[in-house]
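Now for the letters of each chain:
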Amino acid sequence: MPPLCPITPYKGLFFLVVAFVLLEYLINTFTNSKPSVYFNTTKLLNNVDDKEIHTYGPLLKTLLFKNNKTHPHNKTLHFATKNDSYYSYAVTVPPPQLGSKLGNTSTSVTVPVAIEAQNDSTPLCPDDISSNLKGRLPIVKSPVPTAQELETRFDWLRPGGRWSPENCRAPKRVALVVPFRCRGEHLLLFLQHMHPFLKRQQLDYRIFVVEQDGDGTFNRAMLMNVGYKEALAVERFDCFIFHDIDLLPEDDRNLYTCPEQPRHMSVAVDIFKYKLPYPEIFGGVSAISTEHFKLLNGFSNSFWGWGGEDDDMSNRIRYHHLHISRYPLTIARYTMLTHKKDKPSASRYDVLKQGQQRFDKDGLNNLRYKLVQKKYHLLYTWILVAVDAPS
Ligand code: UDP
Ligand code: MN
C-alpha cells in the first residue's frame, strides 16, 4: 500500500492560514465589526506632527459625532483625558495608501479634540475676582514683541489662543473676534496686552483673528459675522466680543464678561479725548450674547469700506427692542494704536438709510464666504477668508 499522502509542514501552514482567515471572516461577519461608515482619513495622516495635529481636531470631532450612533468603530476609539480641560482620542486609522476605512488597524494617530471635560464637580469660579485685578494698566506700544517671544511668555495658553481658569469653572465662555488685515504689529501688541488681561479676569476665553484674504475692499462687519459662524463651528460660546485690533483697554476692571444687553465697550478712547462721541455709537469694541447676535441676524454684510456697519448694528439693536449698555467712562478707557486713517466709504449713509428694510435678510442668513485657512496657533485661532465685493 502506498503510504497516505503525507501532510508536509509546508501544506500544514497553508491550511492553518486558510482556516485562520476563514475564522476571522466569520467572526467579523457575526460581530458586525465592519465599519458601515467610510471616512477619508488620508488627510488625517498627512503631515501629522505635534503642531499641525490640532488642525484635525474639529474635523475629526465632526466626523465622530455626526456618526456617533451608526459608526460601529466607536468601540475602538480610546478616550483618554489629557488634562482637566480637553480629551484626546486615540484613533486607529489605516495608512494613506490603503484607502479610507476608519478603524482598519495599522497606524495609530492621537488627535486632540476641542471638547471640554464636563466635570461637574469642579466648583464655579467666585464672582468676586477683584483681588486679581490691577486697575489702570500701562499700555506698551514698543518694542513690538515677536510671536515666538509671546508664545514663550504665554506658555499657559492652549492652541487656538484659549485659556480657562485651572481650579474652577467660569460661568460663561467668551469668544473674542478680531477683524484683521495687514496690521501685523498691532496684532502682536494686541495679543501681548490682551492675554494677561483676560486671564486676570478669570475668563474662559478664546481669541479668533479673522483675516480678509486679498486686497479687495475691506468689510469689517462681514469678518465679524464669519468669526461668529466659525467660532460656533468649533465649540460653544455664550457671547462674542467684537474687537478692533488697535484698541487696548487701559483698565482691567473693564470686564470682558457676557452682557445681558449688547454692551458698547470702547466708551472712552484717547483719540476722542476719552469722551463718548455720540450716544448711539457701537463701534470699536462691543459685546453681544450669542442668543442676541442670532436674533439681530448679525451685522449687515452690505458695508464695504470704512464706516456705517457699527451704526447699522446700533439701529438693529433698537429695532429689536434691546438697548446698548455701557460701563462708566472712568473704566471703559482705551488707547488706540496709531494707523493711517482709511477713507470713509461714500455710500455708507445711503446703505445705512435703507437698513431697516434689510435687517431680516442681510446678515447671518445671507452670509457668503470661502474659508481659505483655519489654523490653531498658540496665540489665536486664525481664520483666513475670501469674500466677494459686489461688482
Ligand atoms: N482693519 C484691519 N485692516 C485694515 C482695516 C481695518 O485690520 O486695513 C480692522 C482692524 O481691526 C481695525 C478695524 O478693522 O482696528 C477698524 O478699522 P480702523 O482702525 O481703520 O478704523 P478707525 O480706527 O478709523 O475707526
Ligand atoms: Mn482704528
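Residues numbered from 1 in each chain as written. Chains lettered and ligands numbered in written order. Predicted model: local features only at pLDDT ≥ 70, side-chain atom pairs only at ≥ 80, totals over all residues. Heavy atoms only, no water.

Draft legend 1. Just helix α6 (residues 220–234), in detail. An ideal rise of 1.5 Å per residue puts 21 Å on 15 residues; α6 measures up with 21 Å between its terminal C-alpha atoms. Among the 15 residues in α6, 12 count as buried, and that is most of the element. By the burial criterion, the buried members of α6 are Arg220, Ala221, Met222, Leu223, Met224, Asn225, Val226, Gly227, Tyr228, Glu230, Ala231 and Val234. Of the residues flanking the start of α6, the one acting as N-cap is Asn219, its side-chain oxygen 3.4 Å from the backbone nitrogen of Ala221. (Helix = DSSP H or I, 4+ residues; strand = E, 2+ residues; numbered from the N terminus. Expected span 1.5 Å × (residues − 1). Buried < 20%, exposed > 50% of the residue type's maximum accessible area, 1.4 Å probe, protein only. Polar contact = N/O pair within 3.5 Å; in protein donor to acceptor, adjacent residues only side chain to side chain.)

Draft legend 2. Representation of the site of ligand 1 in the model. In the neighbourhood of ligand 1, the contacting residues comprise Pro179, Phe180, Arg181, Arg183, Phe218, Asp244, Ile245, Asp246, Trp306, Met336, His339 and Lys341. In the model, an oxygen atom of ligand 1 is placed 3.0 Å from a nitrogen or oxygen of the Ile245 main chain. Contact between ligand 1 and His339: an oxygen atom at 3.0 Å from a side-chain N or O atom of the residue. In isolation ligand 1 exposes 500 Å². Once the protein is present, 88% of that is buried. Along the lines of polarity and charge, the residues of the shell around ligand 1 split into six nonpolar, one polar and five charged. (Near = heavy atom within 4 Å. Areas by Shrake-Rupley, 256 points an atom, 1.4 Å probe, with all protein chains shown as cover. Nonpolar A, V, L, I, M, F, W, Y, C, P; charged D, E, K, R; others polar.)

Draft legend 3. Broad picture of the side chain of His243. Note on placement: His243 falls in strand β7 (residues 239–243). Since its relative accessible area comes to 0%, His243 is described here as buried. A distance of 2.8 Å separates the side chain of His243 from the side chain of Tyr256, its partner in a polar contact. When near neighbours in sequence (up to four residues on either side) are disregarded, His243 contacts Leu176, Val177, Val178, Pro179, Phe190, Met194, Tyr256, Gly284, Val285 and Tyr334. (Contact = heavy atoms within 4.5 Å.)

Draft legend 4. Highlighting the packing of aromatic side chains. With the rule as written, the count across this model stands at 12 aromatic pairs. Aromatic pair Phe154 and Trp156: ring centres 5.4 Å apart, planes at 50 degrees, arrangement tilted. Given the relative accessible area of 24%, Trp156 is considered partly exposed. For the pair Phe242 and Phe299, a centre-to-centre distance of 5.4 Å together with 90 degrees between the ring planes defines the contact as edge-to-face. Of this pair, Phe242 sits in strand β7 while Phe299 sits in the loop between α7 (290–295) and α8 (309–319), placing them 57 residues apart in sequence. You can call Phe299 buried: its relative accessible area is 2%. In textbook terms, an aromatic cluster arises when at least three aromatic residues are bridged by ring pairs, as seen for Phe208, Tyr228, Phe237, Phe240, Phe242, Phe293 and Phe299. When the ring centre of Trp156 is taken as origin, the NZ or CZ atom of Lys199, which lies over that ring, is 4.7 Å away. Stacked on the ring of Tyr274, the Lys or Arg Arg333 has its end atom at 3.9 Å from the ring centre. (Phe/Tyr/Trp six-rings, centres within 6.5 Å; stacked < 30°, edge-to-face > 60°. Lys NZ or Arg CZ within 6 Å of the ring centre and 35° of its normal.)

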